[in-house]
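Summary of the model geometry
Next come the chains, spelled out residue by residue.
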Amino acid sequence: MIVVVNRYLLPRGTYGMTLWPFILVRDSRLRKDPVLINHERIHLRQQLQLLIIPFYLWYGIEFGLRWLKYGNRKKAYSNLSMEREAYANETDLDYLQTFRLWSFMRYL
């Protein structure tokens, strides 16, 4: 896990983002936020299990379908299966020890 601090690489209103193998955070103080880092580490594991490129394809296609369904980017984002899994488990700092293959599918 490589944490990079750079507010210019993140869209407005975004505090963190994962782009294999990096976790990007807007502010250096966020490097020490255990919940945010855990959320992004869940995405790292999702990316790894889907062999990185297919993760981005899945994420993009699902985002497009949800955007069409809801007509709203924020609502589409918050209903993505991978985001739902990460948000549901971000406060469980031991979640990655019990992480199961394809676990995001439960959140479709």
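Note: the structure precedes this text.
Residues numbered from 1 in each chain as written. Predicted model: local features only at pLDDT ≥ 70, side-chain atom pairs only at ≥ 80, totals over all residues. Heavy atoms only, no water.

So, the overall build of the protein chain
What counts, and what does not: Working definition: helices are DSSP H or I runs of at least four residues, strands are E runs of at least two. Numbering for both runs from the N terminus. The globule rule used for comparison is 2.2 Å times the number of residues to the exponent 0.38, while the radius of gyration itself is calculated over C-alpha atoms. Exposure classes here rest on a 1.4 Å probe applied to the protein chains alone. A residue is buried below 20% of its type maximum, exposed above 50%, and partly exposed in between. Reported accessibility uses the Shrake-Rupley method at a 1.4 Å probe radius. Residues are deemed covered only where the shown protein chains occlude them. Charged residues are defined narrowly, with Lys and Arg counted positive, Asp and Glu counted negative, and His plus the chain ends left uncounted. Where a charge sits is defined by one atom per residue type, namely NZ (Lys), CZ (Arg), CG (Asp) or CD (Glu).
What the protein chain contains, in helices and strands, is five helices and three strands. Reading the helices (α) and strands (β) of the protein chain from amino to carboxyl end gives β-β-β-α-α-α-α-α. For 108 residues, the compact-globule estimate of 2.2 N^0.38 gives 13 Å, and the protein chain sits close to it at 14 Å. For the protein chain, buried positions account for 36% of its 108 residues. Within the structure as shown, the protein chain displays about 7100 Å² of accessible surface, and the carbon and sulfur contribution to it stands at 59%. Between the averaged position of the 16 positive side-chain charges in the protein chain and that of its 9 negative side-chain charges there is a distance of 6 Å.

Overview of the packing of aromatic side chains
The geometry of an aromatic ring pair is captured by two quantities: the separation of the ring centres and the angle between the planes. Put simply, the test is: Any Phe, Tyr or Trp ring, taking Trp's six-membered ring, that has another such ring centre within 6.5 Å forms a pair; planes under 30 degrees apart are called stacked, those over 60 apart edge-to-face, and the others tilted.
If you walk through the whole model with that rule in mind, you get seven aromatic pairs. Ring plane angle 85 degrees and centroid distance 5.2 Å describe the contact between W58 and F104, whose orientation is recorded as edge-to-face. Note that W58 is positioned in helix α2 (residues 53-70) and F104 in the segment after α5 (95-98), a separation of 46 residues in sequence. Ring centres of F63 and W67 lie 5.6 Å apart, and the angle between their planes is 55 degrees; this geometry places the pair in the tilted category. Of the two residues, F63 and W67 are both situated in helix α2; the distance of four residues between them amounts to about one turn of the helix. Under the relative-accessibility criterion, F63 is labelled partly exposed at 21%. Residue W67 is classed as partly exposed on the basis of its relative accessible area of 40%. Three or more aromatic residues link up through ring pairs in this structure, and these residues are F55, Y56 and Y59.

Some thoughts on the nonpolar core
A general tendency of soluble globular proteins is for nonpolar side chains to be buried together. Inclusion rule: Residues belong to a common nonpolar core when they are buried Ala, Val, Leu, Ile, Met, Phe, Trp, Tyr or Cys residues joined through side-chain atoms within 4.5 Å. By definition in these notes, contact holds between two residues if any of their heavy atoms fall within 4.5 Å.
Ranked by size, the top nonpolar core spans seven residues in total: V3, I23, V25, L30, L36, I37 and L44. Looking at this core, the elements that each hand over two or more residues are β3 (22-25) and α1 (34-49). The dominant element in this core, judged by the number of residues it contributes, is α1, at three residues. Those residues in contact with L30 that sit more than four places away from it in its chain are Y15, V25, L36 and I37. In this structure, I42, A86, L96 and F99 belong to the second largest nonpolar core, which totals five residues.

Some details on the environment of Y15
The residue Y15 is located in the loop between β1 (2-5) and β2 (16-19) in this model. The residues contacting Y15, other than those within four sequence positions of it, are L10, L24, V25, R26, L30 and L36.

Without other data, these values stay purely geometric and don't point to any function.
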